[in-house]
Amino acid sequence: MADLLLGPRGLPSISTVRMVLERALLEQENTQYKVFFDEGNLRKFTAFVFGPDDSLYRHKLLKLRIEIPANYPSEPPEVTFTQHSSGYVHPSIGIDGLVHLSVPNTWPVRPLPWNAEVELHIMLLLIRGTLDNEPYRYKPNCPPSNNRDYNRLVQYTTWRTLLLDNLKHETSEPIRRFLKAFIRKRSMGILKDVFAEWGANADIPLFCSPDFSCIMTPEYETLGSEASI
């Protein structure tokens, strides 16, 4: 591999050995995430974190771009959220792509020393654990609290930012095949949830963020149509 780093005496570095082992674990079939390593690259990959079925992120995929530094695990990985609609997703996941979490040491509110013993597999599971029914509790600089307006807005916007846009803008053919299969397998559940959400919010003409920085008119009929692939 072009990214293979060598240590003393021409042997693979500790970082390289660690990543070989971690890649084998990351690529094992599971129901919580899916990873795609760049061709010929051990240190760059895309991860899709599956929204838990008991949360408002059900049927959705959090797309993360992860890059591993040369001296990993002494330094944390670089984790970036990928989206195309500039929609609200989660208080700890910025529209700008920054992932504000203490695990990869990217949360300025509560910076914690990076723990070199935390594997990438565990990091993805911890990120997945924040995708629940009360995401507003994770908002930086605020005491933990629930906010129904925020929940409603995020539940609606993530149909596009965490599902439809992933397929629409994907250029990698293996990933496109994965996304199409994911949506087709869950198509009945997706449509059921979209129309149930539409009915529950029929009397709400506008969705607003708590600070009113985002105000939008829901278009569930369009969502339902686009989700029917």
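All values derive from a computational prediction rather than experimental measurement.

Analysis parameters
- Residues numbered from 1 in each chain as written.
- Predicted model: local features only at pLDDT ≥ 70, side-chain atom pairs only at ≥ 80, totals over all residues.
- Heavy atoms only, no water.
- Helix = DSSP H or I, 4+ residues; strand = E, 2+ residues; numbered from the N terminus.
- Buried < 20%, exposed > 50% of the residue type's maximum accessible area, 1.4 Å probe, protein only.
- Areas by Shrake-Rupley, 256 points an atom, 1.4 Å probe, with all protein chains shown as cover.
- Core = buried A, V, L, I, M, F, W, Y, C linked by side-chain atoms within 4.5 Å.
- Contact = heavy atoms within 4.5 Å.
- Axes fitted to C-alpha atoms, helices over the stretch in contact; angles between N-to-C directions.
- Left-handed = near helix turned anticlockwise from the far one by under 90°.
- Nonpolar A, V, L, I, M, F, W, Y, C, P; charged D, E, K, R; others polar.

Peer 1: Describe the overall build of the chain, naming the residues involved and giving the relevant values.
Peer 2: Summing up its helical and strand segments, the chain has 6 helices and 6 strands in all. Listing each helix as α and each strand as β along the chain from the N terminus yields α-β-β-β-β-α-α-α-α-β-β-α. Counting the 229 residues in the chain, one finds 47% classified as buried. Carbon and sulfur atoms form 54% of the exposed surface of the chain, whose accessible area is close to 12,000 Å².

Peer 1: I'd like a rundown of unusual backbone geometry, residues and numbers included.
Peer 2: Here Tyr-72 and Pro-73 are connected by a cis peptide whose omega angle stands at 10 degrees. One can find Pro-73 in the loop between strand 3 (61-67) and strand 4 (78-81). Positioned with a positive phi, His-59 is a non-glycine residue whose angle comes to about 70 degrees. For His-59, a relative accessible area of 9% gives the class buried.

Peer 1: Outline the nonpolar core, supporting the account with residue identities and numerical values.
Peer 2: One finds Phe-45, Leu-62, Leu-64, Ile-66 and Leu-124 to be the most contacted residues of the largest nonpolar core, which totals 56 residues. With 9 residues, the top contributor of residues to this core is helix 3 (residues 148-169). Residue contacts for Leu-64: discarding those within four places in its chain leaves Phe-45, Thr-46, Ala-47, Val-49, Val-79, Thr-80, Phe-81, Val-99, Leu-124 and Ile-127.

Peer 1: Hey, could you go over the packing of helix 3 against helix 4 (residues 173-185) for me, with residue numbers and the actual values?
Peer 2: Where helix 3 meets helix 4, the axes come as close as 9 Å, and the angle between the chain directions of the two elements is 145 degrees. As for the relative orientation of helix 3 and helix 4, their crossing is left-handed in sense. Along the contact surface, helix 3 presents Leu-163, Asn-166, Leu-167 and Lys-168, while helix 4 presents Arg-176, Leu-179, Lys-180, Phe-182 and Ile-183. Taken together, the residues that form the contact of helix 3 with helix 4 break down as 5 nonpolar, 1 polar and 3 charged.

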